[in-house]
Amino acid sequence: MESISKILVKEIFTSIQGEGPYIGQKHIFVRFTNCNLKCKYCDTDYSSSNSVEYSIHSLYDHIKTIDCNTISFTGGEPLLAAGFLLDFLSRYKEKLNKKIYLETNGTLYKELNQIIDYIDIVALDIKLESTTGQKNRFLDNEKFLAIADKKEAFIKIVFDKDILDCEIKEVIRIAKEYNSLIILQPKMPLDKDLELIKVFDKFYCNYKNTRLIPQVHKFLNID
């Protein structure tokens with residue numbers, strides 16, 4: 001992997017984690033620019049406009065004194081910056097003494113393999129074609145999870161009323177292979193025609209390690 005000495009960062013901020021099993025924990029969020037997917041529901045500004053350039057040293061200086069136990073690398077897609085992350089984490093993870101949480105779309109498994117030794121928690125957001133408009137990439141997701149399973153990993157699914165039974169079946173198949181927790185996250189704002197419990201039961205009846213958790217930070221009106 002090519003070393004990257006500098007990277008554009010959209011924003012760095014502290015807030016509570018609003019998604020998944022770590023809801024309510026305080027995290028340092030480092031949001032990178034760019035993504036390899038274009039999901040139709042995406043509400044995140046990960047463009048390079050108004051971004052700040054960081055070296056591994058300046059990023060360390062920026063976050064080293066922040067009173068928080070977890071750094072969440074997000075985007076966009078943070079694994080597009082895998083070379084930078086490898087340089088940064090190999091040099092500074094031990095000094096930072098913080099857990100490293102990776103929020104990813106779970107498609108760039110080769111890039112994950114380069115940095116997995118420095119990651120503690122992987123939030124793998126499997127993108128469903130019915131929700132995102134992007135073609136399902138279950139094969140890539142499965143290869144990704146095979147690597148992520150070396151650490152703590154869970155699957156997140158953003159869904160709406162158009163979710164397909166065949167998609168549910170594939171996600172469950174992948175989750176069963178690695179005994180991975182599935183987090184079902186309804187797309188916001190909630191569609192009045194979305195039958196939440198009906199969708200949940202389709203997962204739960206076939207795979208008990210499933211939870212229905214909305215984006216809590218949206219309800220609390222915080223970033």
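First things first, this report covers the structure right here in the doc. (Residues numbered from 1 in each chain as written. Predicted model: local features only at pLDDT ≥ 70, side-chain atom pairs only at ≥ 80, totals over all residues. Heavy atoms only, no water.)

The peptide bond linking G75 to G76 adopts the cis configuration, its omega dihedral lying at 10°. Its place among the elements puts G76 in the loop between β4 (70-74) and α2 (82-96). A cis amide bond links M188 with the next residue in sequence, P189, at an omega value of -10°. For P189, the position within the fold is in the loop between β8 (181-186) and α7 (196-204). One non-glycine residue, N34, lies in the positive phi region at around 75°. Checked against the element boundaries, N34 lands in the loop between β2 (26-32) and β3 (52-55). Judged by relative accessible area, N34 falls into the partly exposed class, the value being 44%. (Helix = DSSP H or I, 4+ residues; strand = E, 2+ residues; numbered from the N terminus. Buried < 20%, exposed > 50% of the residue type's maximum accessible area, 1.4 Å probe, protein only.)

The relation between two aromatic rings is expressed through the spacing of the ring centres and the mutual angle of the planes. A full pass over the atoms with the stated rule returns 10 aromatic pairs. Taken together, a centroid distance of 6.2 Å and an interplanar angle of 90° make the contact between Y22 and Y101 edge-to-face. Of this pair, Y22 sits in the loop between β1 (6-16) and β2 while Y101 sits in strand β5 (residues 99-104); the two residues are 79 residues apart in sequence, bridging distant segments of the chain. Accessibility classification places Y22 together with Y101 in one group, the buried group. Among the aromatic residues, ring-to-ring pairing joins F32, Y60, F73, F84, F88 and Y92 into one connected group. The ring of Y92 is capped by R91, whose NZ or CZ atom sits 6.0 Å from the centre of that ring. Sitting above the plane of the Y204 ring, K208 keeps its charged end 4.9 Å from the centroid. (Phe/Tyr/Trp six-rings, centres within 6.5 Å; stacked < 30°, edge-to-face > 60°. Lys NZ or Arg CZ within 6 Å of the ring centre and 35° of its normal.)

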